[in-house]
Amino acid sequence: MSIDMAQFHQVFFEESFEGLETMESGLLNLDKGDVDEEEINSIFRAAHSIKGGSGTFGFTNVAEFTHIMETLLDEMRDGRRTITDESLEALLHSVDCLRDMLSAVRDDTEVDEEKVASSRKELEVILSEETAASEPSGSPATSESVEVSSVEAEVAAKQLGWHIVFTPHANLLQTGNDVVRILRELDELGTLAAEADFDNLPNFDALDAENLYISWDLKLTGDITIEQLDDVFLWVDGDCDLAIMPIMDKTPVVAATTTESAPAEAEKTPEVEAAVEAPKPAAKKAAPKKSAAKKPAASASSIRVGIDKVDDLINMVGELVITQSMLGMLGEDFDMSRVDKLVDGLAQLERHTRELQESVMQIRMLPISFTFSRFPRLVHDLSSKMGKKIEFKMSGENTEVDKTVMEKIGDPLVHLVRNSCDHGIEMPEDRLATGKEEHGTVELEAYHKGGNIVIEIRDDGKGLDASKLLEKGIEKGLVTPGQKLSDSQIYDLIFMPGFSTAAAITDVSGRGVGMDVVRKNIQALGGVVEITSELGVGTTITIRLPLTLAILDGQTVAVGDEVYIIPLMSIIESIQVDPSMINLVAGKGETFKLRNEYLPIVRLYETFGVPSVSLNELTEGLLVVVEGDGRKCGLFVDDLLGQQQVVIKSLEANYRRMEGVSGATILGDGSVALIIDIPSLMRLANKH
Amino acid sequence: MTAAENIAENVDVLDEEAEIEQEVEVKNEFLTFFLAKEEYGVDILRVQEIRGWESVTRIPNTPLYVKGVMNLRGAIVPVVDLRDRFGLENAELTNTTVVVVLRVIVNESEKIVGIVVDGVSGVIEAAVSEVARSPEFGGDIKTEFISGLVNQNDVMVMLLDVEKLLASECMSLEAETSDS
């Protein structure tokens, strides 16, 4: 191997996992008995490229396993096999198994051999069952693919072996290949008669010990397939001239025609086809190197960007360059008569800069289908496991989300969808008894709404029982008896840590398990989660997330001579207080009455210790009513300055995490302003 | 003498030469600056740039010597006032006051930190052998951040261990907040 293959591993794994997803969704789409050609083709293609890739990289076990799947798929594709539930199930299992195998290879961990073996057996059983009945001629286990097997069929019958003319290029040895190894491998395949050709050997003084001057004329007899030969020569492909001709029993005419096709085939084989058994030594050699190089590669994630987005960017940069040169020319001999042009130019510059910013942000955006795609399978598995009938609908898969948001929202969504299937949807008989359709429905929807992305998980199950939840809440001491709570406040209880409602909701397990983690994860992304539910009709969980983590809509406020930024997401309203609204609790805790609520007042200058304060009277400044972690308070600031989008910069990068502050940003004048983190600020204020 | 012995001999010679070179010693360079009339030095390889003083944004609830954060071409960089840090008299900002931007390794990650000094004086060279150990004073006098003393034209220059100084900055405060 002249190239360090490890550098391609990352891409290979990414593509393979993508391929697995394609296979999975395709398999789920295949209705029993109804063969959609295109669907099967795409599954087949995915399997095929995984096989090809893993063969090339020497992940022999993966390649072998995929090969069996591919054989089965191939038969389905050709219509030689009817698609049954069992075969689909087996294929789904093998997709799982393949995913495990690939992750194991990637993370350099052990594969669960037992699982692989059982999944493999499952496939083999299905394969043997029906090929025996319907397809006696072709032995699928050895046929690589259609075109190869047809060539093979032509020649195999009367073929004695192969005549191979192997002319290595002079630099073959420098690429790390060893002719002796190749010859030895050939010898293992059958009876080998080798003749070396020394014609090209130079005189001793001209001889370069690192070059190879010998070519070979090999006659290999035995029952050998072209693939086996291809495997042997796979690693020297491109570094040698190779002509492979079958030795026929008596007909030299056929041999002549295949002579041309065989080398061509040998050439394309490594690219398109997989090595079923990659050369063992090469694979072994690659293994330790791979593990060493992998650790850093795993941490650097990559992103796939549509070419149109990149083109957009290039256009935008082009415009920007034009504007810049225009301004440059203007600046060279500027006088006041041309001030209009300057203003125009600056306006253009501003517009282009903003467009460029938007385009760059677009690059980080991916359709949420990357996350959604795993759910049909999840629901499929859950419903068959629980004996429920669930129809799963998705919409808005093309809604684009920031990559970071998407990576982190996956697990909470899985949890919520599982909950909907597990606890929301009733058993078919229960549904029929309550006059509902036998099929339950779980819907997953994503859409944009006012700078946020909204994800809804709806089920038409039994809904949440507010009175039972309240009972449980009182029992757990989370609610004081007699406290009046709105329905949404009651539903919020299930997000409380440790609020296991096993008895309250189902007999299996409680909806409360892990819900606090779900909410925490969503909040960490700057999002909110809400529940609406109707008993007996269904539950809807709504998640609202910011479009991106890198930019935030902020309200700039002045405190003394300092400027802070409050995320608009957390602001409910800003009010001027009337002295009559203010009350003291226990002599010092300031509260104010907003409609029917008493909210604590946090004086920002106190909490942040601002040295230069001119405003002390609550009535002189403004109260910004903010909400965080389900609690509200009024932040006392001097003035509101304006709303703007701010780019979030990390304080941690060069300093450390600060309480009450989530990060910093750079204002228009180049100065730094801190972004307030409301929940953290409230905790900080409580300490003061 | 066989060829192999010859080569071995040569290798020995090379080794000896290398040793001699090491004894000659590479001189380390230090950027020196003034803090309340005292002269300090930092390893010049740690210095990223020197900037004029500009106002910084105060960070609430930090020790006084953390002046705040500044915008260094888009990065948020903390600025530490060494006079406050060492408990020296608080001089006023003059037109020689500058921020020396240092790169330090904290927890295996590189951080950029600015330090405010009264003025940069120059660059000195000092071999390791010329660096004297700092005496122990005990009590209030902080010497743990001083890696050594160098005599330069009869003026004593205190060499700062910036890694230790600024790492402890970020670290100890981190611990402080996570405790509370």
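Residues numbered from 1 in each chain as written. Chains lettered and ligands numbered in written order. Predicted model: local features only at pLDDT ≥ 70, side-chain atom pairs only at ≥ 80, totals over all residues.

Some details on the overall build of chain B
Just so we agree on the cut-off: Here a strand is any run of E in DSSP of at least two residues, a helix any run of H or I of at least four, and the numbering for each starts at the N terminus. Put simply, a residue is buried when 20 or more other C-beta atoms lie within 10 Å of its own C-beta and exposed when 12 or fewer do; between those, it is partly exposed, and each C-beta is set from the backbone. Think of it this way: build a C-beta for each residue from its backbone, and any pair within 7 Å is a contact.
Check the secondary structure of chain B and you find 3 helices and 10 strands. Listing the helices and strands of chain B from first to last along the sequence gives α-β-β-β-β-β-α-β-β-β-β-β-α. Taken over 180 residues, chain B has a buried fraction of 27%. Look at the contacts in chain B between residues 6 or more apart in sequence, and 55% of them connect residues 24 or more apart.

Section: the overall build of chain A
Within chain A one finds 22 helices and 22 strands. Put simply, chain A has 688 residues, and 32% of those count as buried. In chain A, 68% of the contacts between residues at least 6 apart in sequence involve partners at least 24 apart.

Some thoughts on the packing of helix α11 (residues 307-332) of chain A against helix α12 (residues 339-363) of chain A
The description of two helices packed together rests on the angle between their axes and the distance between the axes. Residue and element names in this part refer to chain A. Defined as follows: Interaxial angles span 0 to 180 degrees and are taken between N-to-C directions of axes, which are lines fitted to C-alpha atoms, for helices over the stretch in contact. For classification purposes, angles smaller than 35 degrees are called roughly parallel, those larger than 145 roughly antiparallel, those between 65 and 115 roughly perpendicular, and all remaining angles oblique. Rotating anticlockwise by less than a right angle from the far helix to the near helix defines a left-handed crossing, while the corresponding clockwise rotation defines a right-handed one. Residues are grouped as follows: Ala, Val, Leu, Ile, Met, Phe, Trp, Tyr, Cys and Pro are nonpolar; Asp, Glu, Lys and Arg are charged; all remaining types, including Gly, are polar.
The contact between α11 and α12 brings their axes to 9 Å, and the two run at 160°. Looking at the two axes, α11 sits roughly antiparallel to α12. As for the relative orientation of α11 and α12, their crossing is left-handed in sense. Contacts from Lys309, Asp312, Leu313, Met316, Val317, Glu319, Leu320, Thr323, Met326, Leu327 and Leu330 of α11 reach α12 at Lys341, Leu342, Gly345, Gln348, Leu349, His352, Glu355, Leu356, Ser359, Val360, Gln362 and Ile363. Here the contact of α11 with α12 is built from residues that sort into 12 nonpolar, 6 polar and 5 charged.

Some points on the pairing of strand β9 (residues 452-459) of chain A
Residues and elements named next belong to chain A. To keep things clear, this is the line we draw: When DSSP locates at least two bridges between a pair of strands, those strands are taken to pair.
The alternating pattern of β9 places Ile453, Ile455, Ile457 and Asp459 on a buried face and Asn452, Val454, Glu456 and Arg458 on a face that is not buried. Alignment of β9 against strand β11 (residues 538-546), held across 8 bridges, turns out to be antiparallel. Each residue of the ladder has a partner; that of arginine 458, found in β11, is threonine 540.

Let's talk about the interface of chain A and chain B
At the interface, 21 residues of chain A touch 20 residues of chain B. Of all the elements in the fold, those that place two or more residues in the side of chain A that touches chain B are β21 (661-666) and β22 (672-676) of chain A. Here the side of chain A that touches chain B gets 3 residues from one element, more than from any other, and that element is β22 of chain A. The residue inventory of the side of chain A that touches chain B, partitioned by class, reads 10 nonpolar, 6 polar and 5 charged.

As for the sheet that holds strand β4 (residues 66-72) of chain B
Sheets are built from strands that pair by backbone hydrogen bonding, the pairs being arranged parallel or antiparallel. All names here are of chain B. Across the sheet, which stays open at both edges, the 5 strands sit in the order β3-β6-β7-β5-β4 with mixed pairing between neighbours. If you trace the sheet from one side to the other, it starts and ends with β3 (47-52) and β4, each paired once. Adjacent strand axes in the sheet meet at a mean angle of 35° when their direction is disregarded. Alignment of β4 against strand β5 (residues 75-81), held across 6 bridges, turns out to be antiparallel. The residue of β5 that forms the bridge with glycine 68 is valine 79.

Regarding the pairing of strand β6 (residues 98-106) of chain B
Side chains on a regular strand alternate between the two faces of the sheet. All names here are of chain B. Alignment of β3 against β6, held across 5 bridges, turns out to be antiparallel. From the neighbouring strand, arginine 51 faces β6, where its bridge partner is valine 99. Hairpin connection, β6 to strand β7 (residues 109-117): the antiparallel pair is bridged by 2 residues, and asparagine 107 has positive phi, about 55°.

Brief notes about unusual backbone geometry
Residue and element names in this part refer to chain B. Unlike most non-glycine residues, alanine 36 shows phi in positive territory, near 45°. As for its placement among the helices and strands, alanine 36 is situated in the loop between β1 (28-35) and β2 (38-43). In this structure, arginine 73 takes a positive phi of about 45° despite not being glycine. Following the sequence through the fold, arginine 73 ends up in the loop between β4 and β5.

Regarding the sheet that holds β9 of chain A
Residue and element names in this part refer to chain A. Spatially, β6-β8-β9-β11-β10 is the arrangement adopted by the 5 strands of the open sheet, whose pairing is mixed. On the outer flanks of this sheet lie β6 (390-395) and β10 (528-534), each paired with one strand and no other. Adjacent strand axes in the sheet meet at a mean angle of 15°, parallel and antiparallel pairs treated alike. Docked against the sheet, helix α15 (residues 403-424) engages β6, β8 (440-449), β9 and β11, running at close to 20° with respect to β9.

A word on helix α8 (residues 226-233) of chain A
For α8 of chain A, a buried count of 8 out of 8 residues is recorded, marking the element as mostly surrounded by other parts of the structure. When we look at burial in α8 of chain A, the residues that qualify are Ile226, Glu227, Gln228, Leu229, Asp230, Asp231, Val232 and Phe233 of chain A.

Points about the environment of serine 580 of chain A
Residue and element names in this part refer to chain A. Its location among the elements puts serine 580 in the loop between β14 (571-575) and β15 (582-585). On the basis of neighbour count, serine 580 is assigned to the exposed category, with 8 C-beta atoms found within 10 Å. Expressed as a C-alpha distance, the spacing of serine 580 and lysine 593, which sit 13 residues apart in the sequence, is 8.9 Å.

Considering the nonpolar core
The cut-off we apply is this: Here a nonpolar core is just a set of buried residues of the types Ala, Val, Leu, Ile, Met, Phe, Trp, Tyr and Cys, joined wherever their C-beta atoms sit within 7 Å.
Counting 69 residues, the largest nonpolar core has Val624 and Leu635 of chain A together with Val69 and Ile115 of chain B as its most contacted members. Apart from the residues lying within four places of it in its own chain, the contact partners of valine 624 of chain A are Val557, Ile566, Ile571, Ser574, Gly634, Leu635 and Val637 of chain A. Of all hydrophobic cores here, the second largest spans 38 residues; its members include Leu444, Leu470, Met515 and Ile541 of chain A.

Observations concerning the environment of methionine 386 of chain A
Residues and elements named next belong to chain A. Summarising the element assignment, methionine 386 is placed in helix α14 (residues 375-386). With 14 C-beta atoms packed within 10 Å, methionine 386 lands in the partly exposed category. Linking methionine 386 and cysteine 421, residues 35 residues apart in sequence, is a C-alpha distance of 9.0 Å.

A closer look at helix α17 (residues 466-475) of chain A
Residues and elements named next belong to chain A. Basically, it comes down to this: What the arc measures is the spread of directions leading from the helix axis to the C-beta atoms.
The complete set of buried residues in α17 reads Leu469, Leu470, Lys472 and Gly473. Looking straight down α17, one finds that the buried residues subtend no more than 160° of arc, so they occupy a single side. Away from its buried face by more than 90 degrees, α17 exposes Ser467 and Glu475. Glycine 477 lies just past α17 and shows a positive phi near 80°.

Here's the deal with the confidence of the model for chain B
Caution applies to low-pLDDT parts of the model: their predicted coordinates are not meant to be read in detail. Residues and elements named next belong to chain B. What counts here: Residue-level confidence of the predictor, termed pLDDT, takes values from 0 up to 100.
Predicted confidence across chain B gives a mean pLDDT of 77, with 74% of residues reaching 70 or more. No element of chain B has a lower mean pLDDT than helix α1 (residues 3-24), which averages 54, and none a higher one than β3, which averages 92. Both scores are given for the predicted complex: the pTM is 0.50, the ipTM 0.76.

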